[in-house]
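Secondary and tertiary structure notes
Each chain is listed here by its residues.
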Amino acid sequence: MVCIHCGRLSDSLACPICTQALQDLSYESQYRQRCPDCGRPQLDRAYPCLFCQRGIQAYAPYTSVVATLLRQFKGEGQRSLSKVFAPLFIPMLASIENPLLIPVPASNKGFSDRGFDQMLLIARLLKRTGGYPYLRLFAQEGKGQSKFLSMRERQVRHTLTLLPLNEKAIQAKKSGHTFVLLDDIYTTGATLSLSKTLLAEAYGIEALSLVIAMV
Ligand SMILES: [Zn+2]
Ligand SMILES: [Zn+2]
């Protein structure tokens, strides 16, 4: 077979060179500094840590091999790339106590264009390969409103909605799980911020967020 990224002959989906390039691009490899409070990679201690401030961690910036692979995954519907992306979450999950994964659902258009829900695929793989439990708590095409939402959140609100209260999620909260939202690309942060607000309203929990790439 050939590498999905560079087209060189390869035994794996992404060849060793591209796998290495993916690793080298990560914040973990690029940033020397670590946040003194949470230990996550940080460009400079003069800037606030995104994880400590807003509970968000990204694997890498949205550029080069990460951006190309994400475009192939989402834009061209290459679902096998979930096998390349799912393992990127494992080191980020390692420092979170008892995580319960909550995939942010694909937009209706995205889903119908590519025929799969990319973060759900990744959550399923993380369950199968890493034993991480996940729950689907959101759906697209919501109609409700919330007085706690900002203007920007209201703009995405008409597409993202919370499913009816999930008994398993209530149990997970009681048993001390950390709710972890999974998304692919962080741009304005509106979707994650909205998801977090909806979870806080419905379940009274403060969710963390992990993403593959940050724009
Ligand atoms: Zn390659
Ligand atoms: Zn921190």
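Procedures and definitions
- Residues numbered from 1 in each chain as written.
- Chains lettered and ligands numbered in written order.
- Predicted model: local features only at pLDDT ≥ 70, side-chain atom pairs only at ≥ 80, totals over all residues.
- Axes fitted to C-alpha atoms, helices over the stretch in contact; angles between N-to-C directions.
- Helix = DSSP H or I, 4+ residues; strand = E, 2+ residues; numbered from the N terminus.
- Parallel < 35°, antiparallel > 145°, perpendicular 65-115°, else oblique.
- Contact = placed C-beta atoms within 7 Å.
- Nonpolar A, V, L, I, M, F, W, Y, C, P; charged D, E, K, R; others polar.
- Left-handed = near helix turned anticlockwise from the far one by under 90°.
- Buried ≥ 20, exposed ≤ 12 C-beta atoms within 10 Å, placed from the backbone.
- Pairing = 2+ DSSP bridges.
- Core = buried A, V, L, I, M, F, W, Y, C linked by C-beta atoms within 7 Å.
- Expected span 1.5 Å × (residues − 1).

**Here's the deal with the packing of helix 1 (residues 16–25) against helix 4 (residues 64–75)**
Contact pair helix 1 / helix 4: the axes reach a minimum separation of 8 Å and the direction vectors enclose 115°. With respect to helix 4, the element helix 1 is oriented roughly perpendicular. Taking contact as the criterion, the partners of Cys-18, Ala-21, Leu-22 and Leu-25 in helix 1 are, on helix 4, Ser-64, Val-65 and Val-66. In terms of residue class, the contact of helix 1 with helix 4 is made up of six nonpolar, one polar and no charged.

**Concerning unusual backbone geometry**
A positive phi is found at Ser-64, a non-glycine position, where the angle reads about 45°. Mapped onto the secondary structure, Ser-64 falls in helix 4. If you check the backbone angles, Asn-98 has positive phi at about 50° while not being a glycine. Of note, Asn-98 is situated in the loop between helix 5 (82–94) and strand 4 (99–103).

**Concerning the packing of helix 5 against helix 7 (residues 118–130)**
For any two helices packed against each other, the geometry is given by the interaxial angle and the distance between the axes. The geometry of helix 5 relative to helix 7 is characterised by a closest axis approach of 9 Å and an angle of 65° between their N-to-C directions. Crossing handedness for the pair helix 5 and helix 7: right-handed. The residues of helix 7 that touch helix 5, namely those facing Ser-82, Lys-83, Phe-85, Ala-86, Phe-89 and Ile-90, are Gln-118, Leu-121, Ile-122, Leu-125, Leu-126, Thr-129 and Gly-130. Each residue belonging to the contact of helix 5 with helix 7 can be placed in one class, and the counts come to eight nonpolar, four polar and one charged.

**A few points about the pairing of strand 4**
In terms of burial, strand 4 is a largely internal element, five of the five residues being buried. Judged from the five bridges that link them, strand 4 and strand 7 (residues 178–186) form a sheet pairing that is parallel. Residue pairing for strand 7: Leu-101 is matched across the bridge by Val-180.

**Description of the nonpolar core**
By size, the foremost hydrophobic cluster in this structure holds 56 residues, and its most contacted members are Phe-85, Leu-101, Ile-102, Ile-122, Val-180 and Leu-182. Per element, the largest residue contribution to this core is six residues, and it comes from helix 5. Setting aside anything within four residues of it in sequence, one finds Leu-101 in contact with Ala-123, Leu-126, Tyr-132, Pro-133, Tyr-134, Val-180 and Leu-182.

**Section: the environment of Gln-23**
In this fold, Gln-23 is placed in helix 1. In sequence terms Gln-23 and Tyr-59 are 36 residues apart; their C-alpha atoms lie 9.2 Å from each other.

**Examining the sheet that holds strand 4**
Within the open sheet, the four strands sit side by side as 3-8-7-4. Their pairing is parallel. Strands at the two margins of the open sheet, each flanked by one partner only, are strand 3 (56–61) and strand 4. With direction set aside, neighbouring strand axes in the sheet form an average angle of 25°. Relative to strand 8 (residues 208–214), strand 7 runs parallel, the two being bridged by six bridges. Bridge assignment links Leu-181 to a residue of strand 8, and that residue is Ser-209. Across the sheet, helix 5 is in contact with strand 3, strand 4, strand 7 and strand 8; its angle to strand 8 comes to roughly 135°.

**Some words on helix 10 (residues 190–203)**
Between its first and last C-alpha atoms helix 10 spans 20 Å; for 14 residues at 1.5 Å apiece the expected length is 20 Å, and the two agree. Restricting attention to buried positions, one finds in helix 10 the residues Thr-191, Leu-192, Leu-194, Ser-195, Lys-196, Leu-198 and Leu-199. Looking at the residues trailing helix 10, positive phi occurs at Gly-204, about 65°.

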